[in-house]
Amino acid sequence: FANIVSWYIIIPVLIMSYLISYVRGRGEDLFGVSMSGVGIIERTERIILIGAGLMCLLFIPGENVFTTTIFLILLMLSTLTVLQRFAFLWNIKTNR
């Protein structure tokens with residue numbers, strides 16, 4: 001992705017993707033609750049967005065504005081999902 005989308009976008013997307021899975025795993029392990037469906041974007045949606053971004057490169061060669069926009073959307077939705085999962089776990093912790 002180095003020549004397609006800036007590293008300033010890719011690195012945070014990767015970090016947020018790991019955090020989404022990490023928060024889910026820790027939440028299910030520590031609190032024993034199912035976190036399936038918590039958050040706006042899960043693994044399937046992330047894969048679809050990445051695929052859509054890469055498909056834009058096939059159909060519109062040389063123009064990576066659409067791909068960059070899709071990765072920015074992915075970054076925003078991933079950040080929102082991490083925050084939603086933290087809030088969900090915080091709510092469970094404070095209500096126990």
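Residues numbered from 1 in each chain as written. Predicted model: local features only at pLDDT ≥ 70, side-chain atom pairs only at ≥ 80, totals over all residues. Heavy atoms only, no water.

## Observations regarding the nonpolar core
For step 1, the next point in the chain: In this structure, Val5, Ile9, Val13, Leu49, Phe71 and Leu74 are the most contacted members of the largest nonpolar core, which totals 14 residues.
For step 2, the next point in the chain: Looking at this core, the elements with two or more residues in it are helix H1 (7–31), helix H2 (43–59) and helix H3 (65–95).
For step 3, the next point in the chain: In terms of nonpolar packing, the next biggest core, distinct from the first, is built from seven residues, Phe31, Val33, Val38 and Leu89 among them. (Core = buried A, V, L, I, M, F, W, Y, C linked by side-chain atoms within 4.5 Å. Buried < 20%, exposed > 50% of the residue type's maximum accessible area, 1.4 Å probe, protein only. Helix = DSSP H or I, 4+ residues; strand = E, 2+ residues; numbered from the N terminus.)

## Here's the deal with the pattern of salt bridges
For step 1, the next point in the chain: Taken as a whole and judged by the stated rule, the model has three salt bridges.
For step 2, the next point in the chain: Notably, a salt bridge pairs Glu28 with Arg24, separated by 3.2 Å at the nearest N-O pair. Of the two residues, Glu28 and Arg24 are both situated in helix H1; the distance of four residues between them amounts to about one turn of the helix.
For step 3, the next point in the chain: One network of salt bridges, with partners in common, ties together Arg24, Glu28, Glu42 and Arg85. (Salt bridge = Lys/Arg side-chain N within 4 Å of Asp/Glu carboxyl O.)

## Some words on the confidence of the model for the chain
Residues shown with low pLDDT carry predicted positions that ought not to be read at fine detail.
For step 1, the next point in the chain: Mean pLDDT over the chain stands at 89; residues scoring 70 or higher make up 97%.
For step 2, the next point in the chain: Here H2 stands out as the element of the chain with the lowest mean pLDDT, 87, in contrast to H3, whose mean of 93 is the highest. (pLDDT = per-residue confidence, 0-100.)

## Quick notes on the environment of Ile15
For step 1, the next point in the chain: Along the chain, Ile15 falls in helix H1.
For step 2, the next point in the chain: Separated by 60 residues in the primary sequence, Ile15 and Leu75 place their C-alpha atoms 9.5 Å from one another.

## Remarks on the packing of H2 against H3
For step 1, the next point in the chain: Here H2 crosses H3 at 170°, and the two axes come no closer than 8 Å. One element, H2, and the other, H3, form an angle in the roughly antiparallel class. Note that H2 runs across H3; the crossing there is left-handed. Contact residues: H2 offers Arg46, Leu49, Ile50, Ala52, Gly53, Cys56 and Leu57, while H3 offers Phe66, Thr67, Ile70, Phe71, Leu74, Leu77 and Ser78.
For step 2, the next point in the chain: Class assignment of the residues belonging to the contact of H2 with H3 gives a composition of 10 nonpolar, three polar and one charged. (Axes fitted to C-alpha atoms, helices over the stretch in contact; angles between N-to-C directions. Parallel < 35°, antiparallel > 145°, perpendicular 65-115°, else oblique. Left-handed = near helix turned anticlockwise from the far one by under 90°. Contact = heavy atoms within 4.5 Å. Nonpolar A, V, L, I, M, F, W, Y, C, P; charged D, E, K, R; others polar.)

## Quick notes on H1
For step 1, the next point in the chain: Over its 25 residues, H1 extends 35 Å from the first C-alpha to the last, a length consistent with the 36 Å expected when each residue adds 1.5 Å.
For step 2, the next point in the chain: Taken as a whole, H1 has its buried residues at Ile9, Ile10, Val13, Met16, Ser17, Ile20, Val23, Gly27 and Phe31.
For step 3, the next point in the chain: Residues of H1 that are buried sit in contact with H2 and H3.
For step 4, the next point in the chain: Its side-chain oxygen at 3.2 Å from the backbone nitrogen of Tyr8, Ser6 defines the N-terminal cap of H1.
For step 5, the next point in the chain: Directly beyond the C-terminal end of H1, a positive phi value near 70° is found at Gly32. (Expected span 1.5 Å × (residues − 1). Polar contact = N/O pair within 3.5 Å; in protein donor to acceptor, adjacent residues only side chain to side chain.)

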